[in-house]
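# Observations on chain architecture
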Amino acid sequence: MKIATIDDLPEVLAMSMKFMETTGYTKYSDEQTISNLIEAIVTGRQDTMIILLKPGVGFLAGQASPFVFGTGSIASEIAWWINEDQRKTGAGSELVEAFEYWAKNVAGCTLISLTGLDDNIGKFYEKKGYKLYERAYMKET
């Protein structure tokens, strides 16, 4: 496990594009946009944005921001991916635990928000002590 650097951009980009295929976001973005985002995160301040990378396995990208509805700050997952052949190996737990450590000890967050596309990831989160607060619905304009 490591904090991704600019040298890791090709690997994180390849996994990010796989992640994008599983979401409804592909029609809103492209490879260059995602590459630019990764570059901005890995070259920016590590107390506000981070990409945690387990080479050959997966990554978790997140950001810290003020909590709009109260005091303190919140760490929010931007995206995370585990290669299919590495799932159910504990790699997801390792990435989430590293993100939690970063959120609390580096970014100083009092809350952490993780998202998911299905109930399986929800069960995973609940086992780690997370509670469902709301669901997001989007509409094109």
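In this convention, every chain numbers its residues from 1, walking through the sequence in written order. The predicted origin of the model limits local features to residues at a pLDDT of at least 70 and limits the giving and counting of side-chain atom pairs to 80 or more, whereas totals for whole chains, interfaces and linings rest on all residues. As a rule here, side-chain values cover all heavy atoms of the structure and leave hydrogens and water aside.

### A look at the overall build of the protein
In terms of helices and strands, the protein carries 4 helices and 5 strands. Along the protein, from the amino end to the carboxyl end, the secondary structure elements read β-α-α-β-β-β-α-β-α. Here the globule rule reads 2.2 Å times residues to the power 0.38, and the radius of gyration is calculated from C-alpha atoms. Computed over the C-alpha atoms, the radius of gyration of the protein is 15 Å, within 12% of the 14 Å expected from 2.2 N^0.38 for a compact globule of 141 residues. Throughout, exposure labels follow a simple rule: accessible area from a 1.4 Å probe, protein chains only, divided by the maximum for the residue type, with under 20% read as buried, over 50% as exposed, and the rest as partly exposed. For the protein, the residues scored as buried account for 35% of the 141 residues in total. Two residues form a contact once any of their heavy atoms are found within 4.5 Å. Taking the intrachain contacts of the protein between residues at least 6 apart in sequence as the baseline, contacts between residues at least 24 apart amount to 60%. Accessible areas in this description were obtained via Shrake-Rupley with a 1.4 Å probe; residue shielding takes into account the shown protein chains only. Per element, the accessible surface of the protein, about 9100 Å² overall, is 53% carbon and sulfur. The charged-residue count follows a simple rule in which Lys and Arg add positive charge and Asp and Glu add negative charge, with His and chain termini not counted at all. Just so you know, the charge point we use is NZ for Lys, CZ for Arg, CG for Asp and CD for Glu. When the 14 positive and 19 negative side-chain charges of the protein are each reduced to one mean point, those points stand 7 Å apart. Per the convention used, a helix needs a DSSP run of H or I reaching at least four residues, while a strand needs a run of E reaching at least two, with both numbered from the N terminus.

### Considerations on the packing of aromatic side chains
Aromatic rings from Phe, Tyr and Trp, taking only the six-membered ring of Trp, are treated as a pair when their centres fall within 6.5 Å; an angle between ring planes under 30 degrees marks them as stacked, one over 60 as edge-to-face, and anything in between as tilted. A complete count under the given rule lists 5 aromatic pairs for this structure. For the pair Trp-80 and Phe-124, a centre-to-centre distance of 6.0 Å together with 35 degrees between the ring planes defines the contact as tilted. Here Trp-80, found in strand E4 (residues 73-82), pairs with Phe-124, found in helix H4 (residues 119-127); they are 44 residues apart in sequence, far enough to count as distant. Judged by its relative accessible area of 13%, Trp-80 is buried. The exposure class of Phe-124 is partly exposed, given its relative accessible area of 23%. Ring geometry for Phe-124 against Tyr-125: centres 5.9 Å apart, planes inclined by 55 degrees, an arrangement best described as tilted. An aromatic cluster of at least three residues, connected via ring pairs, comprises Trp-80, Phe-124, Tyr-125 and Tyr-130. Whether a charge lies above a ring is judged from NZ of Lys or CZ of Arg, which has to be within 6 Å of the ring centre and within 35 degrees of the ring normal. Just above the ring of Trp-81 sits the side chain of Arg-87; from NZ or CZ to the centre is 4.6 Å.

### Section: the sheet that holds E4
What makes two strands pair is DSSP finding at least two bridges between them. Spatial ordering of the open sheet is given by E1-E2-E3-E4-E5, a layout of 5 strands whose pairing is mixed. At either margin of the open sheet sits one strand with a lone partner, and together these are strand E1 (2-3) and strand E5 (111-113). Where E4 meets E5, 3 bridges bridge the pair, whose relative direction is parallel. Bridge pairing in E5 places Ala-75 opposite Ile-112. Helix axes use the C-alpha atoms of the stretch in contact, all axes being lines fitted to C-alpha atoms, and the angles between their N-to-C directions lie in the range 0 to 180 degrees. Together, strand E2 (49-54), strand E3 (58-66) and E4 form the strand contacts of helix H1 (residues 9-21), whose direction differs from that of E4 by roughly 90 degrees. Lying over the sheet, helix H3 (residues 91-106) contacts E2, E3, E4 and E5, oriented at roughly 155 degrees with respect to E4.

### Considerations on the nonpolar core
Within the largest apolar cluster, 19 residues are counted, with the highest numbers of intra-cluster contacts made by Trp-80, Phe-99 and Trp-102. For this core, the elements supplying multiple residues, two or more each, are E2, E3, E4 and H3. Tallying contributions element by element places H3 first for this core, with 6 residues. Every residue in contact with Trp-80, bar those within four places of it in the chain, is listed here: Phe-19, Phe-59, Leu-60, Gly-92, Leu-95, Val-96, Thr-115, Ile-121, Phe-124 and Tyr-125. Working definition of a nonpolar core: buried Ala, Val, Leu, Ile, Met, Phe, Trp, Tyr and Cys residues. They are joined through side-chain atoms within 4.5 Å.

### Here we look at helix H2 (residues 31-43)
Because an α-helix completes one turn every 3.6 residues, residues spaced three or four positions apart along the sequence face the same direction. Take the residue count of a helix, subtract one, and multiply by 1.5 Å to get its expected span. With 13 residues, H2 should cover 18 Å at 1.5 Å per step; its first-to-last C-alpha distance of 18 Å lies within 8% of that length. Among the residues of H2, Ile-34, Ser-35, Ile-38, Ile-41 and Val-42 are the ones counted as buried. Down the axis of H2, the buried side of the element spans an arc of 130 degrees, and every buried residue falls inside it. Looking at the buried side of H2, the elements it contacts are H1, E2 and E4. Here a polar contact means two N or O atoms within 3.5 Å. Within protein one must be a hydrogen donor candidate and the other an acceptor candidate, and residues neighboring in sequence count only if both atoms are side-chain atoms. The backbone nitrogen of Gln-32 lies 3.1 Å from a side-chain oxygen of the residue at the head of H2, namely Asp-30. Taking the helix axis as origin, the arc is that swept by the directions to the C-beta atoms.

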